[in-house]
Amino acid sequence: MSQAVATSLFESIGGRAALYQIVEAFYGRVLADPELKGLFSQTDMEEQIRRQARFLTAAMGGPEAYDGRSMSDAHQNMGFTDHHFGLVAGHLEAALNDGGVSESEVHEIVSMVAPLKEEITTA
């Protein structure tokens, strides 16, 4: 009798290649948003995409560990408000949906990110 092998959320959405495409699409949406693009004007976006992909990989049970700064340190001087956080979360949800991630997995991923609001926002 064979046992079912548990699949991580990372594997379930398609692994590294799929996640990087989703993260790139996510930042494409963020940078196209007139209310958000200015917050990233001093950001090396290639590095930001790599960091975000590593963070999400680790959060979703993938093979990479996140070794970056804490969320509060990384967003300390960016001026993120609750409103900005909501916009970013909406762009993440849309990028995941467009990337073919199932509704239940989108909900799971957004639920992982939502508690970070307090560390990221300043008002």
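Residues numbered from 1 in each chain as written. Predicted model: local features only at pLDDT ≥ 70, side-chain atom pairs only at ≥ 80, totals over all residues. Heavy atoms only, no water.

Peer 1: In this structure, what is going on with the overall build of the chain? I would like to understand it.
Peer 2: On a plain count of helices and strands, the chain comes out with 7 helices and 0 strands. Seen in sequence order, the chain has helices and strands lined up from the N terminus as α-α-α-α-α-α-α. When the backbone C-alpha atoms are referred to their principal axes, the chain occupies close to 55 × 25 × 25 Å. Relative to its 123 residues, the chain shows a buried fraction of 37%. (Helix = DSSP H or I, 4+ residues; strand = E, 2+ residues; numbered from the N terminus. Buried < 20%, exposed > 50% of the residue type's maximum accessible area, 1.4 Å probe, protein only.)

Peer 1: Sorry if this is basic, but what is going on with the side chain of H91 here?
Peer 2: As for its position among the elements, H91 is in helix 5 (residues 82–98). Residues within four places of H91 in sequence aside, it is in contact with F26, R29, V30, D33 and L36. (Contact = heavy atoms within 4.5 Å.)

Peer 1: Mind showing me how you'd approach the packing of helix 5 against helix 6 (residues 103–113) here?
Peer 2: Think of two packed helices as two axes; the pair is described by the angle between the axes and how far apart they sit. Close contact between helix 5 and helix 6 brings their axes to 10 Å; oriented N to C, the two are set at 155 degrees. Accordingly, the angle class assigned to the pair helix 5 and helix 6 is roughly antiparallel. Handedness of the crossing formed by helix 5 with helix 6: right-handed. Across the interface between the two elements, F85, L92, E93, L96 and N97 from helix 5 touch V106, I109, V110 and V113 from helix 6. Class assignment of the residues belonging to the contact of helix 5 with helix 6 gives a composition of 7 nonpolar, 1 polar and 1 charged. (Axes fitted to C-alpha atoms, helices over the stretch in contact; angles between N-to-C directions. Parallel < 35°, antiparallel > 145°, perpendicular 65-115°, else oblique. Left-handed = near helix turned anticlockwise from the far one by under 90°. Nonpolar A, V, L, I, M, F, W, Y, C, P; charged D, E, K, R; others polar.)

Peer 1: Looking at this structure, how should I read the nonpolar core?
Peer 2: One recurring pattern in soluble globular proteins: nonpolar side chains tend to sit buried together. Core analysis: the largest hydrophobic core is formed by 33 residues, its most contacted members being I13, Y27, F40 and M60. Every element with two or more residues in this core is listed here: helix 1 (9–12), helix 2 (15–32), helix 3 (45–59), helix 5 and helix 6. When residues of this core are assigned to their parent elements, the largest contribution, 7 residues, is made by helix 2. Those residues in contact with F40, other than ones at most four positions away along the chain, are Y27, V30, L31, M45, M78 and F80. (Core = buried A, V, L, I, M, F, W, Y, C linked by side-chain atoms within 4.5 Å.)

Peer 1: Looking at this model, I keep getting lost on the pattern of salt bridges. Mind explaining?
Peer 2: Note that side chains of opposite charge can pair when their charged atoms are close. Per the stated rule, a full pass over the model turns up 4 salt bridges. Here D98 ties to R29 by a salt bridge, and the two come within 2.3 Å at their closest N and O atoms. Of the two residues, D98 is situated in helix 5 and R29 in helix 2; the sequence distance between them amounts to 69 residues. What makes D98 exposed here is its relative accessible area of 60%. For E47, the salt bridge is made with R54, and the minimal N-O distance between the two is 3.6 Å. Assessed through its relative accessible area of 22%, R54 is described here as partly exposed. One salt-bridge network, held together by shared partners, links E47, R50 and R54. (Salt bridge = Lys/Arg side-chain N within 4 Å of Asp/Glu carboxyl O.)

Peer 1: How should the packing of aromatic side chains be read in this particular structure?
Peer 2: Here the structure, examined in full by the defined rule, presents 4 aromatic pairs. Ring centres of Y27 and F40 lie 5.9 Å apart, and the angle between their planes is 75 degrees; this geometry places the pair in the edge-to-face category. Here Y27 is found in helix 2, whereas its partner F40 is found in the loop between helix 2 and helix 3, with 13 residues between them in sequence. Using a relative accessible area of 4% as the deciding quantity, one classes Y27 as buried. A relative accessible area of 8% means that F40 is categorised as buried. Measuring from ring centre to ring centre gives 6.1 Å for F40 and F80, while their planes differ by 85 degrees; the resulting arrangement is edge-to-face. Highlighted residues: F40 in the loop between helix 2 and helix 3 and F80 in the loop between helix 4 (71–75) and helix 5, separated in sequence by 40 residues. Both residues of the pair, F40 and F80, count as buried. Put simply, the rings of F26, Y27, F40 and F80 touch in pairs and so form one group of aromatic residues. (Phe/Tyr/Trp six-rings, centres within 6.5 Å; stacked < 30°, edge-to-face > 60°.)

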